[in-house]
Amino acid sequence: MGRLFLASLDGEYIYSCKHCKTDLALSEDIISKSFQSRNGEAYLFDNVVNVIVGEKEERLMMTGMHVVVDIFCVKCCSILGWKYEYAKESSQKYKEGKFILERFMVLGPDDIDEEDFGESDIGDD
């Protein structure tokens, strides 16, 4: 296996892989926070880095039939969501080339990382 090159993102609010903390996306690239995945809440992003894609497949979703590829973290290979390759419904064409990150699989500015707090900081109210 060759050397792994990761893109580092420079921004105030970054979303990263929950498992290995690899940078994935900037909050300024969020198009919508109103998406759902099998595991709950998901965000639609215009740009995502440090991912590899799986095989193209047709998937029937709540908004119709789409051709998608699953996306995986380039460092730890965790599944993170999917990328829209093609939307059959004309009203869904805006999704083509965009990425879904499942909130269940990523860390972001909305999360509180318990490692950032000492034991005395938790539950002292």
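For the structure itself, consult the block above.
Everything numeric here is computed off the predicted structure, so don't read it as measured data.

Procedures and definitions
Residues numbered from 1 in each chain as written. Predicted model: local features only at pLDDT ≥ 70, side-chain atom pairs only at ≥ 80, totals over all residues. Heavy atoms only, no water. Helix = DSSP H or I, 4+ residues; strand = E, 2+ residues; numbered from the N terminus. Buried < 20%, exposed > 50% of the residue type's maximum accessible area, 1.4 Å probe, protein only. Contact = heavy atoms within 4.5 Å. Lys, Arg positive; Asp, Glu negative; His and termini not counted. Salt bridge = Lys/Arg side-chain N within 4 Å of Asp/Glu carboxyl O. Core = buried A, V, L, I, M, F, W, Y, C linked by side-chain atoms within 4.5 Å. Phe/Tyr/Trp six-rings, centres within 6.5 Å; stacked < 30°, edge-to-face > 60°. Lys NZ or Arg CZ within 6 Å of the ring centre and 35° of its normal.

(A) Structural detail: the environment of Val-68. Residue position: Val-68 is located in strand β6 (residues 64-73). Relative accessible area serves as the criterion here: at 0%, Val-68 is assigned to the buried category. Taking the C-alpha atoms as reference, Val-68 lies 5.6 Å from Glu-57; in sequence the two are 11 residues apart. Beyond its immediate chain neighbours, meaning those up to four positions away, Val-68 contacts Glu-55, Lys-56, Glu-57, Arg-59, Met-61, Trp-82, Lys-83, Tyr-84 and Glu-85.

(B) Spatial organisation of the side chain of Asp-23. With respect to the helices and strands, the residue Asp-23 is situated in strand β2 (residues 23-26). Among buried charged residues, Asp-23 stands out as having no salt bridge; its nearest opposite-charge side chain is Lys-75, 9.7 Å away. Those residues in contact with Asp-23 that lie beyond four places of it in its chain are Ala-7, Ser-8, Leu-9, Ile-14, Tyr-15, Ser-16, Val-49 and Asn-50.

(C) Seen up close, the pattern of salt bridges. Tallied over the full model, the rule gives six salt bridges. Between Glu-96 and Lys-93 there is a salt bridge, and its shortest N-O distance comes to 3.3 Å. A relative accessible area of 32% places Lys-93 in the partly exposed class. Through salt bridges with shared partners, a single ionic network connects Glu-57, Arg-59 and Asp-70.

(D) Local environment of the nonpolar core. Ranked by internal contacts, the top residues of the largest apolar core, which has 14 residues, are Leu-24, Phe-45, Val-48, Leu-80, Leu-101 and Val-106. Looking at this core, the elements that each hand over two or more residues are β1 (14-17), β2, β4 (40-45), β6 and β8 (99-102). Counting residues in each nonpolar core, the second largest holds eight residues, with Phe-35, Val-68, Trp-82 and Ile-100 among its members.

(E) Expanded view of the packing of aromatic side chains. What the rule picks out here adds up to three aromatic pairs. A centroid spacing of 6.0 Å and a plane angle of 85° characterise the contact between Tyr-15 and Tyr-43, whose relative ring orientation is edge-to-face. Taken together, the residues Tyr-15 in strand β1 and Tyr-43 in strand β4 connect sequence positions 28 residues apart. Take Tyr-15: its relative accessible area is 1%, and that puts it in the buried class. Taking relative accessible area as the criterion, Tyr-43 reaches 4% and is therefore assigned buried. Between Trp-82 and Tyr-84, the ring centres sit 6.3 Å apart and the planes meet at 80°, which makes this aromatic pair edge-to-face. The class of Trp-82 is buried, set by a relative accessible area of 8%. By relative accessible area, which is 2% here, Tyr-84 ends up buried. Each residue in the set Tyr-15, Tyr-43 and Phe-45 is aromatic and connected to the rest through ring pairs, giving one cluster. A cation over a ring is seen here: Lys-18 above Phe-104, with NZ or CZ 4.2 Å from the ring centre.

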